[in-house]
Amino acid sequence: MMADTGSDEVAVIGNIDLTPGEIENNMKNTMGEKGTVLFRKMEINVAEAEKRTVKNAVNMQEIYTVYLIETRPADAASEGTNSTPDSLWRRYSEFEILRNFLLVTYPYVVVPPLPEKRAEFVWHKLSADNMDPDFVERRRVGLENFLLRVASHPILSTDKIFFAFLTEENGWKEMVFETGFQAKADSRLKALNATFRVKNPDKRFAEMKHYGDELQSVISQLLRVRARVADRLYGVYKVHGNYGRVFSEWSAIEKEMGDGLQSAGHHMDAYAASVDDILEEEEHYADQLKEYLFYTEALRAVCRKHELIQYELEMAAQDLTTKKQQQEELATGTVRTFSLKGMTSKLFGQETPEQREAKMKVLEGQIQEGEDSLKEQNTECDVFVKGAWSDIERFKDQKNHDLKEALISYAIMQISMCKKGIQVWTNAKECFNKM
Amino acid sequence: MSGNVADSAVSPTTPAQTIPADLSGQMLELDEDDDLEVFSKDTTNTDGGSFNASMQTSPGSMINQYKFDEEEEEEDPGAKDLFITVDNPESHITTIETFITYRVVTKTTRSEFDSSEYEVRRRYQDFLWLRGRLEEAHPTLIVHPLPEKFVMKGMVERFNDDFIETRRRALHHFLNRIAEHPILSCNEDLKVFLSAQAWELASHKKQGPGFLSRMGETVRAVAASVRGVKNRPEEFNSIQEYVESFSQKMTSLDRITQRIVKEEREYLEEMKEYAPTYTLWSGSEEELAEPLKGVANCLDRCFQETEGQVRQLSDCLAPTLHEYVLSTDTLKAVLRRRDNMQAELEAKNEALAAKRADRDADPRERGVVWQSLLGKNPEEARQQRQQRLTGEIGELKEEIDKLEDRVEWANNALKGDWSRWQRSMRSDLKDAFVSTAQKNVDYYEKVRVTHLKPPQPHHTFDTRLVSITL
């Protein structure tokens, strides 16, 4: 079913820092064979949401929501045979665990984001309550979207833990924790937030990180403004409903004007009601923007990881240079760098030739280790850069495509809203003319 | 139709209507001659010789006219011969105050005007004066309201351009309604208002019924209203009920419209940041830059058009609704005054009945004892009393006759004015709502079109959007 090789299995379940060979293997096996991407082989649906209760640690009733994941082989669906899909239930927290695992396991991939944990950027009529059915529904759609994104990713879709998430209800949690990713997750987080300075930052990655920051800032601003505008638009439409009520009352005391007023009133009611659909559609557009807002975090993480790798490379190179210098000093007897040992030996007498021999041997060993390690790290870095940059390009294309689609559908929405408005007011005008 | 009226107007002594000569002076402040002249002039000016309601001014013709008015749907617009425009507001600054004057241009073919064209400048105070005079002269006619003195909403400054324009429009509307009114348009004060120079107007204002006579009117009115009317004709009851309801509806609609304006203004505030954010974003993008700029452009357009919408509501619909709110106050006052007149009549009738009863009563039951105590001859006393009462009864009867005519005239005039008011209410409000609806249609059309034309057409954009519009 998937492009499985022995090394794949090891890479996915075992180490967090993949060896360069393993990473290359991964990429060769998955990217070249798009046809084997999970997405094409399997139909994935987050079909339902349900509430469950459980007693928590302090013996209080806790309500949480579970989501039904249905999977079905893609060919079965296309053949028309209505086979029942396999299904299992997952909580939002389990999705989080899956995502954290992926983040740690594939640090060079821009991992798709989950829908928001808590409702943000809400305009006042929209509930900020996690239990609200609309919120749950939008989250269901967001979770399905997440799974589809992962399933269509050339690398992520091949992951065994991901596959198990979709197919193994019981025992999945144990499986994922056995990989030991938790520990790596903690250290990853620490590293991402640490402050360090790279001497020669890679221009491309620096620009990409900067772009990610800009995108995050502008989309946040846009979502904030949109929510406020939606609020106000809601008010404008709804007040028109009052016209409907008063026209109806007024028509009761009029003779010739009565009919025109009464029917105009109905159109005012329709106008006021139409804003609900309009804003619901817009909410979908806002969700699309939100996904990319959250994507910027993943993008940033990849750039930061690269920075970290570079920093460690620079540190390792630095360390090697220092050791080589020490070697030289020992060999030639000249002290170029200040060291306490050197000073004390000057003050308290030179060391014996045997001591120097021993030191030299140790240093040689260290230098050899250092050179091997540096070589490995360099290769690692190159592989990371290759993988990361390729995924960043993929992400860029995906972003451009998706957001262009979103903007088009936003324009279509606005046009539809205008057409509705034209119709309502044309009808109202006809009624007014009959007054 | 017109033949009938012409006959009765030209010869006021025909059996159809008989109005004592002195009564016409009381009612209209115009000579009978003037009425006739006006009327006869009218027959030569009217197109097609059809009945022209706006020109009848003599009492006899008034009564007939109002009978016809109820059947008539519209007045002949071609017969209008008093055209007034109010425009060109200018601000005047003196050491004491700053005020606005409006240019009032009158074009007329009426003969009571010395010239056929006038151009004067008037300030709001002058309009207030004019309306006051019209109401005083014709307390039971419906005089169109003026825009309010102050704007209570707090946010509008007195000399703000929009406020001045709204006021100008209302003043224009006011004078035109007066000009269309058959009786009010012939008022002397109106003539002075339209034609006199500033200083002439000022000196004219100082004349007019004295303070005392006005006081007398007020006292009578208060006394009458305290008494209350007993037999109000049914049609006035239904008018009263209608006015109550209508007033509530207009107030509600006015308030709703103001609220929409407020909401739209707040919407505009938020929109200010919307387009610029998309423009900002387009700066970080390459492939997405054009579509993003397209959205920004549309939102900008949306913003501008919404400003237009707000203007339509606050400059056109809201002032019209407000005018009719004020109008209901006028209606209520007119109904009240008519009631007072009728109450006075009823009171007089009661007094008459009492006096008659007194006169015809058994003399033995009437204060003869007192008279004898005072040493008067009972027979003489009775005679004297009878004479006195008969005299008083006679006077009272005369007064009652006059009052009855006045009340009948007032009732008919009010009925005529009422149908005129209903017609203009219907027309004004219909126009205001239709133009508001049209403005909204235009708004959505303009915004829709902007979305179809992004600045840099992209293939995907075009085909998608074209397929949606088809």
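Only a predicted model underlies this, so the values are computations on that prediction, with no experimental measurement involved.

What counts and what doesn't
Residues numbered from 1 in each chain as written. Chains lettered and ligands numbered in written order. Predicted model: local features only at pLDDT ≥ 70, side-chain atom pairs only at ≥ 80, totals over all residues. Heavy atoms only, no water. Helix = DSSP H or I, 4+ residues; strand = E, 2+ residues; numbered from the N terminus. Polar contact = N/O pair within 3.5 Å; in protein donor to acceptor, adjacent residues only side chain to side chain. Salt bridge = Lys/Arg side-chain N within 4 Å of Asp/Glu carboxyl O. Buried < 20%, exposed > 50% of the residue type's maximum accessible area, 1.4 Å probe, protein only. Pairing = 2+ DSSP bridges. Core = buried A, V, L, I, M, F, W, Y, C linked by side-chain atoms within 4.5 Å. Contact = heavy atoms within 4.5 Å. Disulfide = S-S within 2.5 Å. Buried area = accessible area lost by both parts, 1.4 Å probe. Nonpolar A, V, L, I, M, F, W, Y, C, P; charged D, E, K, R; others polar. Domains from an automatic or database assignment. Lys, Arg positive; Asp, Glu negative; His and termini not counted.

Draft legend 1. The arrangement of the environment of Lys415(B) in detail. Residues and elements named next belong to chain B. Of note, Lys-415 is situated in helix α13 (residues 378–452). Separated by 180 residues in the primary sequence, Lys-415 and Glu-235 have C-alpha atoms spaced 8.9 Å apart. At 3.3 Å, the side chain of Lys-415 forms a polar contact with the side chain of Glu-235.

Draft legend 2. Quick peek at the pattern of salt bridges. Here the structure, examined in full by the defined rule, presents 59 salt bridges over all chains. Linking Arg228(A) and Glu270(B) is a salt bridge whose minimum nitrogen-to-oxygen distance equals 2.7 Å. One end of the pair, Arg228(A), is in helix α10 (residues 203–251); the other, Glu270(B), is in helix α10 (residues 234–282), on a second chain. Linking Asp417(B) and Arg420(B) is a salt bridge whose minimum nitrogen-to-oxygen distance equals 2.9 Å. Of this pair, Asp417(B) and Arg420(B) are both found in helix α13, three residues apart, which corresponds to roughly one turn of the helix. Comparing Asp417(B) with Arg420(B) shows no difference in burial state: the two are buried.

Draft legend 3. Focus on the pairing of strand β2 (residues 61–73) of chain A. All names here are of chain A. Across 13 bridges, strand β1 (residues 42–55) lies against β2 in antiparallel orientation. Opposite Lys-55, over in β2, you have Gln-61 as the bridge partner. Across six bridges, the pairing between β2 and strand β3 (residues 86–91) is antiparallel. Its bridge partner lying in β3, Val-66 is registered against Arg-91.

Draft legend 4. Inspection of the nonpolar core at higher detail. Residues Leu147(A), Phe247(A), Trp250(A), Tyr278(B) and Trp281(B) are the most contacted members of the largest nonpolar core, which totals 152 residues. The element best represented in this core is helix α13 (residues 353–433) of chain A, accounting for 22 residues. In this view, Trp281(B) contacts Leu215(A), Val218(A), Ile219(A), Leu222(A), Leu289(A), Leu403(A) and Leu292(B); residues no more than four positions away in its chain are not counted. Among the nonpolar cores identified, the runner-up in size contains 42 residues, and Ile84(B), Val104(B), Phe113(B) and Leu201(B) belong to it.

Draft legend 5. Representation of unusual backbone geometry in the model. Positive phi outside glycine occurs at Asn88(B), with the angle close to 55 degrees. One can find Asn88(B) in strand β1 (residues 82–93).

Draft legend 6. Region of the structure containing the state of the cysteines. All names here are of chain A. Under the defined criterion, the tally for this structure stands at zero disulfides over all chains. Distance from the sulfur of Cys-303, which forms no disulfide, to the nearest cysteine sulfur (Cys-381) is 13 Å. Relative accessible area serves as the criterion here: at 1%, Cys-303 is assigned to the buried category.

Draft legend 7. Just the interface of chain A and chain B, in detail. Contacts between the two partners involve 55 residues from chain A, matched on the other side by 55 residues from chain B. Each partner contributes to the roughly 5700 Å² buried at the junction of chain A and chain B, and carbon and sulfur atoms together form 71% of this total. Arg232(A) is the salt-bridge partner of Glu263(B), the closest N and O atoms lying 3.6 Å from each other. Along the contact surface separating chain A from chain B lie 18 residue pairs in polar contact (both at pLDDT 80 or more). Elements with a contribution of two residues or more to the side of chain A that touches chain B: α10, α11 (258–332) and α13 of chain A. Tallying contributions element by element places α10(A) first for the side of chain A that touches chain B, with 24 residues. Considering only residue class, the side of chain A that touches chain B consists of 33 nonpolar, nine polar and 13 charged.

Draft legend 8. Here's a closer look at the domain arrangement of chain A. All names here are of chain A. The domains assigned to chain A are domain 1 (1–185) and domain 2 (188–332 + 354–435). The interface of domain 1 with domain 2 comprises 32 residues on the first partner and 36 residues on the second. Note on domain 1 versus domain 2: buried area summed over both sides is about 2900 Å², and carbon and sulfur give 64% of it. Ranking the residues of domain 1 by area buried against domain 2 places Val-110, Phe-121 and Trp-123 at the top, with a combined share of 28%. The tally of links from domain 1 across to domain 2 stands at five salt bridges. Between the two partners, domain 1 and domain 2, sit 11 residue pairs in polar contact (both at pLDDT 80 or more). Residue assignment for the side of domain 1 that touches domain 2 shows that the elements contributing at least two residues are α2 (20–31), α5 (92–105), α6 (133–151) and α9 (181–193). The element contributing the most residues to the side of domain 1 that touches domain 2 is α2, with five residues.

Draft legend 9. Spatial organisation of the side chain of Glu314(A). All names here are of chain A. Within the secondary structure layout, Glu-314 lies in helix α11. Buried and unpaired, Glu-314 has Lys-199 as its nearest opposite-charge partner, separated by 5.1 Å. In this structure the side chain of Glu-314 is engaged in a polar contact, spanning 3.0 Å, whose partner is the backbone nitrogen of Asn-200. Ignoring any residue separated from it by four or fewer positions in sequence, one finds Glu-314 in contact with Val-198, Lys-199 and Asn-200.

Draft legend 10. Summary view of the side chain of Arg338(B). All names here are of chain B. Inspection of the secondary structure puts Arg-338 in helix α11 (residues 289–360). Given a relative accessible area of 0%, Arg-338 falls into the buried group. Once residues within four sequence positions are removed from consideration, Arg-338 is found in contact with Thr-140, Arg-232, Pro-233, Phe-236, Asn-411 and Leu-414.

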